[in-house]
Amino acid sequence: IYSTIAVAVTIESIGNYWFVIVGAMAVMGMSYIVATLLRYLVGVPYNQDFNALRIAATFPNIVALPILIFPSLCEFPVVYENYVLDAQTDESNSLQQQCVAQSNTMIFCYFFTWSFIFWSLGNRQLMMAATKRHEEVVRNSEEQNATVRSKDDLSSIKDTEQQEPG
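As the structure is a prediction and not an experimental result, all values here were calculated from the model.

## Here we look at the overall build of the chain
Right, on to step 1. The secondary structure content of the chain amounts to six helices and zero strands.
Right, on to step 2. Helices and strands appear in the chain in the N-to-C order α-α-α-α-α-α.
Right, on to step 3. Across the 166 residues of the chain, 25% fall into the buried class.
Right, on to step 4. For the chain, the proportion of contacts with a sequence separation of at least 24, taken over those separated by at least 6, is 62%.
Right, on to step 5. As displayed, the chain offers around 11600 Å² of accessible surface, 63% of which is attributable to carbon and sulfur atoms.

So, in structure tokens, the structure goes:
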């Protein structure tokens, strides 16, 4: 990945795209807040399924399409002439390459931020939701088994009462 997508990433280029990192954090934070608020507005019961849904809304898979789209967009003069920061030359081929490199740097910055936040915060919440959901399923299964066993016990008692001459 680094040799293709992040080949143009340097400390200086990351400094130029600080707004992508801040924007990524803002988008994920707003997504988390909106999902939480919708729970109250729609009346979704607070359970483990909602926690997983909230994490899915907070961390959408949005990196794959830009990786495919941006290099193609950089082939058009209207894009590469206006997109390239600090153009080094007016040659179209060079501008296209700079456009692709800068778009890939932006994608890398966003994806790095996404990965950092997901693996430090989101994964923990997702795993807690999965563990609680598993415990809930096990508890419900045990309750159903206990109910079935008690019904079987009652039916066997009734069967023995009916068989005994009274």
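Having seen the structure, we can now continue with the description.
## Digging into the state of the cysteines
Right, on to step 1. Tallying each qualifying case throughout the model produces one disulfide.
Right, on to step 2. With its sulfur 2.0 Å from that of its partner, Cys74 forms a disulfide with Cys99. When the S-S torsion is -65°, as for the bridge of Cys74 with Cys99, the disulfide is left-handed. Here the residue Cys74 occupies a position in the loop between helix H4 (64-73) and helix H5 (77-83), and Cys99 occupies one in helix H6 (residues 92-163), the gap between them amounting to 25 residues.

## Section: a nonpolar patch on the surface
Right, on to step 1. Taken together, the side chains of Leu65, Leu68, Ile69, Leu73, Phe76 and Val78 define a hydrophobic patch exposed on the protein surface, amounting to about 600 Å² of accessible area.
Right, on to step 2. For the nonpolar patch, the element with the most residues is H4, which contributes four residues.
Right, on to step 3. With respect to the helices and strands, Phe76 occurs in the loop between H4 and H5.
Right, on to step 4. Overall, Phe76 belongs to the partly exposed group, its relative accessible area being 47%.

## A look at the nonpolar core
Right, on to step 1. Grouped together as the largest cluster of nonpolar side chains are 11 residues: Tyr17, Val20, Ala24, Met28, Ile55, Phe59, Cys109, Tyr110, Trp114, Ile117 and Phe118.
Right, on to step 2. Those elements that place two or more of their residues in this core are helix H2 (18-42) and H6.
Right, on to step 3. Element by element, the count of residues in this core is highest for H6, at five residues.
Right, on to step 4. Apart from residues lying up to four places away in sequence, Val20 is in contact with Met106, Cys109 and Tyr110.
Right, on to step 5. With five residues, the next largest nonpolar core counts Cys74, Val84, Leu95 and Cys99 among its residues.

## With respect to the environment of Trp114
Right, on to step 1. With respect to the helices and strands, the residue Trp114 is situated in helix H6.
Right, on to step 2. You can call Trp114 buried: its relative accessible area is 15%.
Right, on to step 3. Along the backbone, Trp114 and Pro60 are 54 residues apart, and their C-alpha atoms lie at a distance of 9.3 Å.
Right, on to step 4. If we skip the residues at most four places from it in the chain, Trp114 touches Met28, Phe59 and Pro60.

## Comments concerning the packing of aromatic side chains
Right, on to step 1. Under the definition given, this model contains eight aromatic pairs.
Right, on to step 2. Ring geometry for Tyr17 versus Phe19: centroids 5.9 Å apart, planes at 65°, classification edge-to-face.
Right, on to step 3. On the basis of relative accessible area, Phe19 is assigned to the partly exposed category, the value being 40%.
Right, on to step 4. When the ring of Trp114 is compared with that of Phe118, the centres are 5.2 Å apart and the planes differ by 10°; the resulting orientation is stacked. Placement of both Trp114 and Phe118 in helix H6 is noted, with a separation of four residues, approximately one turn of the helix.
Right, on to step 5. A relative accessible area of 12% places Phe118 in the buried class.
Right, on to step 6. A network of ring pairs unites the aromatic residues Phe59, Phe111, Trp114, Phe118 and Trp119 as a single cluster.
Right, on to step 7. Of note, Arg39 hangs over the ring of Tyr40, and the distance from its end group to the ring centre comes to 4.5 Å.

Quick notes on the rules
- Residues numbered from 1 in each chain as written.
- Predicted model: local features only at pLDDT ≥ 70, side-chain atom pairs only at ≥ 80, totals over all residues.
- Heavy atoms only, no water.
- Helix = DSSP H or I, 4+ residues; strand = E, 2+ residues; numbered from the N terminus.
- Buried < 20%, exposed > 50% of the residue type's maximum accessible area, 1.4 Å probe, protein only.
- Contact = heavy atoms within 4.5 Å.
- Areas by Shrake-Rupley, 256 points an atom, 1.4 Å probe, with all protein chains shown as cover.
- Disulfide = S-S within 2.5 Å.
- Patch = residues over 30% accessible without salt bridge, like charges linked within 9 Å, V, L, I, M, F, W, Y side chains within 5 Å.
- Salt bridge = Lys/Arg side-chain N within 4 Å of Asp/Glu carboxyl O.
- Core = buried A, V, L, I, M, F, W, Y, C linked by side-chain atoms within 4.5 Å.
- Phe/Tyr/Trp six-rings, centres within 6.5 Å; stacked < 30°, edge-to-face > 60°.
- Lys NZ or Arg CZ within 6 Å of the ring centre and 35° of its normal.

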